[in-house]
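# Fold and geometry: a report
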Amino acid sequence: MNKKIATWNVNSLRVRMPQLLDWLANEQPEIVALQETKVQDSDFPADALEVAGYKVIYSGQKSYNGMAIISRHFDADEIITDIPGLDDPQRRILAATYNGLRLINLYVPNGQRLGSDKFHYKLEWINHVRQYIASQLQQHPRLLVVGDFNIAPDERDVCDPTKWHDKILCSEQERAALQQITACGLQDCFRLFDQPEGCFSWWDYRAAAFRRNLGLRIDLILASDVLCKHAVSCHIDTSPRSLERPSDHAPVVAEFAD
DNA sequence: ATGGTCGAGCTTCGA
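Residues numbered from 1 in each chain as written. Chains lettered and ligands numbered in written order. Predicted model: local features only at pLDDT ≥ 70, side-chain atom pairs only at ≥ 80, totals over all residues. Heavy atoms only, no water.

## Regarding helix α3 (residues 117-139)
Here α3 is 23 residues long and its end C-alpha atoms lie 34 Å apart, about the 33 Å a rise of 1.5 Å per residue gives. Buried residues of α3: Phe119, Lys122, Trp125, Ile126, His128, Val129, Tyr132, Ile133, Gln136 and Leu137, and no others. (Helix = DSSP H or I, 4+ residues; strand = E, 2+ residues; numbered from the N terminus. Expected span 1.5 Å × (residues − 1). Buried < 20%, exposed > 50% of the residue type's maximum accessible area, 1.4 Å probe, protein only.)

## Quick look at the side chain of Asp204
Along the polypeptide, Asp204 turns up in the loop between β10 (202-203) and β11 (215-216). Side-chain polar atoms of Asp204 contact the backbone nitrogen of Arg206, separated by 2.7 Å. Discounting residues that sit within four places of it in the chain, Asp204 has contacts with Ala209, Phe210 and Arg241. (Polar contact = N/O pair within 3.5 Å; in protein donor to acceptor, adjacent residues only side chain to side chain. Contact = heavy atoms within 4.5 Å.)

## A short note on the sheet that holds strand β9 (residues 186-188)
The sheet built from six strands is open, its strands ordered β5-β6-β7-β8-β12-β9 with mixed pairing. Edge positions in the open sheet fall to β5 (77-80) and β9, since each of these has one partner strand only. Between one strand axis and the next, the sheet turns through 15 degrees on average, direction left out of account. For strand β7 (residues 101-107) and strand β8 (residues 143-148), the ladder comprises six bridges, and the chain directions are parallel. Within the sheet, the bridge partner assigned to Ile104 lies in β8 and is Val145. Sheet contacts for α3: β5, β6 (93-98), β7, β8, β9 and β12 (219-224); angle to β7, the most-contacted strand, approximately 175 degrees. (Pairing = 2+ DSSP bridges. Axes fitted to C-alpha atoms, helices over the stretch in contact; angles between N-to-C directions.)

## Some words on the pairing of β12
Successive residues of a regular strand alternate their side chains across the two faces of the sheet. The element β12 is extensively covered by neighbouring structure, given that six of its six residues are classed as buried. Every second residue of β12 is oriented toward a common face, with Asp219, Ile221 and Ala223 on one face and Leu220, Leu222 and Ser224 on the other, all of them buried. Strand direction decides the pairing type here: β8 and β12, joined by five bridges, are antiparallel. Counterpart to Leu144 in the pairing with β12 is Ala223. Note: β9 against β12, three bridges, orientation antiparallel.

## Some remarks on the side chain of His128
With respect to the element layout, His128 can be found in helix α3. The class for His128 is buried, based on a relative accessible area of 17%. Not counting residues within four places of it along the chain, the set of residues in contact with His128 comprises Ile83, Gly85 and Leu86.

## Details of the layout of surface pockets
A probe matching the size of a water molecule, rolled over the atoms, marks out where space remains unfilled. Reported here for the largest pocket is a volume of approximately 1,000 Å³. Around the largest pocket, the lining comprises 35 residues; the ones closest to its centre are Asn110, Ile168, Leu169, Trp202 and Arg206. Every element with two or more residues in the lining of the largest pocket is listed here: α3 and α4 (161-164). Classifying every residue of the lining of the largest pocket by side-chain character gives 14 nonpolar, eight polar and 13 charged. In terms of lining residues, the second largest pocket is bounded by 14 residues, among which Lys3, Leu101, Arg142, Phe256 and Asp258 are the most central. (1 Å grid on protein atoms, 1.4 Å probe; cavity = no way out; pocket = protein on both sides within 12 Å on 5 of 7 lines; lining within 4 Å. Points joined across faces, edges and corners; volume = space filled by probe spheres on them. Nonpolar A, V, L, I, M, F, W, Y, C, P; charged D, E, K, R; others polar.)

## Examining empty space enclosed by the protein
Scanning the model with the defined rule gives two cavities of 30 Å³ or more in all. Estimates place the volume of the largest cavity at around 60 Å³. For the largest cavity, the full set of lining residues is Thr81, Asp82, Ile83, Leu86, Asp88, Gln90, Arg91, Arg92, Ile93 and Trp125. Taken together, the residues of the lining of the largest cavity break down into four nonpolar, two polar and four charged. Empty space within the second largest cavity amounts to approximately 40 Å³.

## Concerning the pattern of salt bridges
Counted by the stated rule, this structure contains 13 salt bridges. Residue Glu155 pairs with Arg175 through a salt bridge whose shortest N-O separation is 2.9 Å. Taken together, the residues span a long stretch of sequence, with Glu155 in the loop between β8 and α4 and Arg175 in helix α5 (residues 172-182) at a distance of 20 residues. Here Arg175 falls in the buried class, since its relative accessible area comes to 8%. What emerges from the salt-bridge pattern is a single network uniting Asp157, Asp188, Arg191 and Arg217. (Salt bridge = Lys/Arg side-chain N within 4 Å of Asp/Glu carboxyl O.)

## Some points on a positive patch on the surface
The grouping of Arg113, Lys163, Lys167, Arg211 and Arg212 at the surface amounts to a positive patch. Positionally, Arg113 belongs in the loop between β7 and α3. (Patch = residues over 30% accessible without salt bridge, like charges linked within 9 Å, V, L, I, M, F, W, Y side chains within 5 Å. Areas by Shrake-Rupley, 256 points an atom, 1.4 Å probe, with all protein chains shown as cover. Lys, Arg positive; Asp, Glu negative; His and termini not counted. Charge placed at Lys NZ, Arg CZ, Asp CG, Glu CD.)

If you want it as structure tokens, here you go:
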């Protein structure tokens, strides 16, 4: 049976729990990587997710950032909550191995504006995580790197490339940094398949951006060559973005054959 | 018009 693996920036897990539980019941994903849980570990809603049939791991902090991975059948092994060699209090990475599948869940810094302190932190953070990914690929042929990359890979992933030209999330520097990650031996699952134009995963809350489909595709599932051979589909599920009180991101789902 | 709206948690910051 095929297995669905998903990534979703929920923008507050506590607010989004009803939507997440409904979505899990409908989609029956095997593993879901969550970003921006915005909940410290002592308040993590583990019980409700376990009742829904998922094992949980998480690495959170108060107010900002925060990561979790939920898994239906397999226990998480070799858990890491920090990029080796980078001292960073922000909870932006959570990786674990599930039945031989290595999953790295990322919440890449937003970067705010080109040239800002946060932009330099973003590039530095990506540089460190790329080195970690490269070393992980040597050890784990079955590797997925998923999450909110806060980078639109190319012009197809931008609603209005002229308006977004060299803006944060779309700059040449950010795209080059992302290409350095994929050059380690990963492919964007979404582009393994024919896709319609105008597919995005994030829409600003302001200015009715979702209704007007003024979005970016910044949430990605990157797969190693071994896993790409088993990928059978990849799509963005825009339905949760239409609900009342939505996350500003939609889940991305990839399906893998055994 | 350089705005708009969310979430957390506190009267502002980050996205």
